[in-house]
Amino acid sequence: MAQFPDLVSAQPLTDAQAMALAIEAGQRVRGTTYPNPPIGCVILDTAGIAVGVAGTEPVGGRHAEPQALEMAGARAQGGTAVVTLEPCNHIGRTPPCTEALAAAGVSRVIFAVADPNPVAAGGSEWLRYKDIEVIGEFQRNQVAAGYLRPWLHWQRTRRPHITLKTAGTLDGFAAATDRTSQWITGEQARARVHVDRARRQAIVVGTGTVLADNPRLTARTPDGEELSTQPLRIAIGTSEVATDANIRGDNFRHIRTHDVEVALETMADMGLIDVLVEGGPRLASAFLEADAVDAIESYIAPAFLGAGLPVTSSNHETSITDISRFRTVAVETLGDDILITALRSGKDRG
Ligand code: AOF
Ligand code: ZN
């Protein structure tokens, strides 16, 4: 069940506020629904009060809409459904959401992103045919450039969406020369990294980093307890991973290649949609040079090391035309640190 009673409202909401709530609901189920997209749905009663809020259940379970409708009960009659994705119009693993919305007597549907999946698309037309008012593309970019981006990328390309996470000082070092890195970024930034890991399907590092740092790559609370969702842990590279390495366990995979294209294809075959690459510097550079990085999440500490392990490290000579430039979509302050989220745009990237 992915119903969120704590998100229902006491006051009437504007459509924009309702969409923000739907985005929050979708965000909460991110990492638990793949290969289905993490979708949020809010049902507003005739007064505009949010009486049902839900997100997609794990695959095979219910979509967001029927769960939000269940919460709303009779109060959905004459109300509005606000959804982050166009309601599906197909009998897949579950019945069509369009029919559930019509049966509940909803008179208006607002969604952010049209469903690019040809099998599920066509919801708008069907709802309009049933005399339900449909407003599409409402705050589309907030959702399309936000947490739905990996799934949309996968729908277009059938390849995983790669987010590169870096953490370092203002002079671009991820660790000191002796590889100690413990307290470069502060507690808030580290807590955020762990929550972010739990939302992904896989966390990737190079085998060099596995050898040097022996990371666990689990998603944990600040007290060290493992979070309920744990992504796959993948090592990429040709070096052996020791039988007692911390990264090993049920959800460990080793992709034995140095070739980013091969690694991407292997991850696509594994059905991965939302992948976080965490380094080290060689792997980060290899992904950047292959233009395989779709988004970056860069944590920067207001500190200098002067020397150490760089955030990225390439063997190739570069000139300014080789620069990998991204478009900043968010800058957040986490304690003393800042987090820059930026997207690669261009071909196939929306
Ligand atoms: C919605 N609401 O919450 C989600 C939707 O196999 P199924 O039946 O689960 O359908 C999967 C497709 O449904 C998926 O590819 C996408 O197009 C849509 N997902 N649609 O109305 C939801 N998760
Ligand atoms: Zn549906």
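Since the structure is predicted, the reported quantities are computational estimates derived from the model, not experimental observations.

A. Region of the structure containing the overall build of the protein chain. Assigned secondary structure in the protein chain consists of 10 helices and 15 strands. Against the globule reference of 20 Å for 350 residues, the protein chain gives a C-alpha radius of gyration of 22 Å, in line with a compact fold. Across its three principal directions, the C-alpha atoms of the protein chain cover 65 × 45 × 40 Å. Relative to its 350 residues, the protein chain shows a buried fraction of 50%. If you take every contact in the protein chain between residues at least 6 apart in sequence, the share linking residues at least 24 apart comes to 73%. Accessible surface, the protein chain: about 16,000 Å² in total, of which carbon and sulfur atoms supply 51%.

B. Up close: the sheet that holds strand β3 (residues 80–85). Here we have 5 strands laid out as an open sheet, ordered β2-β1-β3-β4-β5, and mixed in their pairing. Edge positions in the sheet fall to β2 (50–55) and β5 (133–135), since each of these pairs with one other strand and no more. Going from strand to strand, the sheet's axes swing by 15 degrees on average, the running direction of each strand aside. Inspection of the sheet shows strand β1 (residues 40–44) paired to β2 by 5 bridges, in the antiparallel sense. Each bridged residue has a counterpart across the sheet, and for Gly-40 the counterpart in β2 is Gly-55. Contacts between helix α2 (residues 64–72) and the sheet are confined to β1, β2 and β3, with β2 contributing the most and set at about 150 degrees to the helix.

C. Region of interest: the layout of surface pockets. Approximately 1,200 Å³ is the volume attributed to the largest pocket. Lys-165, Ser-181, Gln-182, Arg-190 and Arg-197 are, among the 40 residues lining the largest pocket, the residues nearest its centre. Where the lining of the largest pocket is concerned, the elements lending two or more residues are β6 (161–169), β7 (173–175), α7 (187–198), α8 (207–213), α10 (281–289) and β13 (309–310). The element best represented in the lining of the largest pocket is α7, accounting for 7 residues. Its residues assigned to classes, the lining of the largest pocket shows 19 nonpolar, 12 polar and 9 charged.

D. Local environment of the site of ligand 1. Neighbouring residues of ligand 1: 18 residues in total, closest Thr-56, Glu-65, Arg-93, Asp-115 and Asn-117. Here an oxygen atom of ligand 1 sits 2.8 Å away from a polar atom, N or O, in the side chain of Thr-56. The contact in question runs from an oxygen atom of ligand 1 to an N or O atom on the side chain of His-90, over 3.3 Å. The protein chains hide 96% of the 520 Å² of surface that ligand 1 would expose on its own. Grouping the amino acids of the shell around ligand 1 by side-chain chemistry returns 8 nonpolar, 7 polar and 3 charged.

E. A look at the environment of Ala-112. You can see Ala-112 is positioned in strand β4 (residues 108–113). Residue Ala-112 is classed as buried on the basis of its relative accessible area of 0%. In this structure the C-alpha to C-alpha distance between Ala-112 and Asn-141, which are 29 residues apart in sequence, comes to 7.9 Å. Look past the residues within four positions of Ala-112 in its chain and what remains in contact with it is Met-19, Val-83, Thr-84, Glu-137, Phe-138, Gln-139, Arg-140 and Val-143.

F. Molecular detail of the state of the cysteines. One pass over the full model with this rule turns up 0 disulfides. Cys-97 supplies the cysteine sulfur nearest to Cys-41, a cysteine that is in no disulfide, at a spacing of 8.0 Å. For Cys-41, a relative accessible area of 0% translates into the label buried. Owing to a relative accessible area of 1%, Cys-97 belongs among the buried residues under this scheme.

G. Looking closely at unusual backbone geometry. Cis rather than trans, the peptide bond between Tyr-34 and Pro-35 has omega equal to 10 degrees. For the peptide bond that leads from Gly-279 to Gly-280, omega is 0 degrees, which places it in the cis range. As for its placement among the helices and strands, Gly-280 is situated in the loop between β11 (274–277) and α10. Located in the positive-phi region is Arg-158, a residue other than glycine, with phi close to 60 degrees. With respect to the helices and strands, the residue Arg-158 is situated in the loop between α6 (149–157) and β6. Of note in the backbone geometry, Leu-217 takes a positive phi value of approximately 60 degrees without being a glycine.

H. Fine view of the pairing of β2. Most of β2 sits inside the fold, with 6 of its 6 residues counted as buried. Counting the residues that bridge the hairpin from β1 to β2 gives 5 residues, and of these Gly-48 lies at a positive phi of roughly 90 degrees.

I. Local environment of the coordination of the zinc ion (ligand 2). Looking at the metal site, the zinc ion (ligand 2) is ligated by His-63 (ND1), Cys-88 (SG) and Cys-97 (SG), spaced 2.0 to 2.2 Å from it. Coordination at the zinc ion (ligand 2) is tetrahedral: its 4 donor atoms span angles of 98 to 118 degrees at the metal.

J. Layout of the UniProt feature "domain: CMP/dCMP-type deaminase" (unreviewed entry) in the protein chain. Under the UniProt annotation, "domain: CMP/dCMP-type deaminase" (unreviewed entry) lies at residues 13–127. Helix makes up 31% of residues 13–127 and strand makes up 20%, while its end C-alpha atoms are separated by 23 Å.

Conventions and cut-offs
Residues numbered from 1 in each chain as written. Chains lettered and ligands numbered in written order. Predicted model: local features only at pLDDT ≥ 70, side-chain atom pairs only at ≥ 80, totals over all residues. Heavy atoms only, no water. Helix = DSSP H or I, 4+ residues; strand = E, 2+ residues; numbered from the N terminus. Rg over C-alpha atoms; globule rule 2.2 N^0.38 Å. Buried < 20%, exposed > 50% of the residue type's maximum accessible area, 1.4 Å probe, protein only. Contact = heavy atoms within 4.5 Å. Areas by Shrake-Rupley, 256 points an atom, 1.4 Å probe, with all protein chains shown as cover. Pairing = 2+ DSSP bridges. Axes fitted to C-alpha atoms, helices over the stretch in contact; angles between N-to-C directions. 1 Å grid on protein atoms, 1.4 Å probe; cavity = no way out; pocket = protein on both sides within 12 Å on 5 of 7 lines; lining within 4 Å. Points joined across faces, edges and corners; volume = space filled by probe spheres on them. Nonpolar A, V, L, I, M, F, W, Y, C, P; charged D, E, K, R; others polar. Near = heavy atom within 4 Å. Polar contact = N/O pair within 3.5 Å; in protein donor to acceptor, adjacent residues only side chain to side chain. Disulfide = S-S within 2.5 Å. Donors = N, O, S within 2.8 Å, 3.2 Å for Na, K, Ca; no water. Tetrahedral: all angles 85-135°; square planar, octahedral: opposite > 155°, others 65-115°. UniProt positions renumbered as here; feature names shortened; annotations may be inferred.

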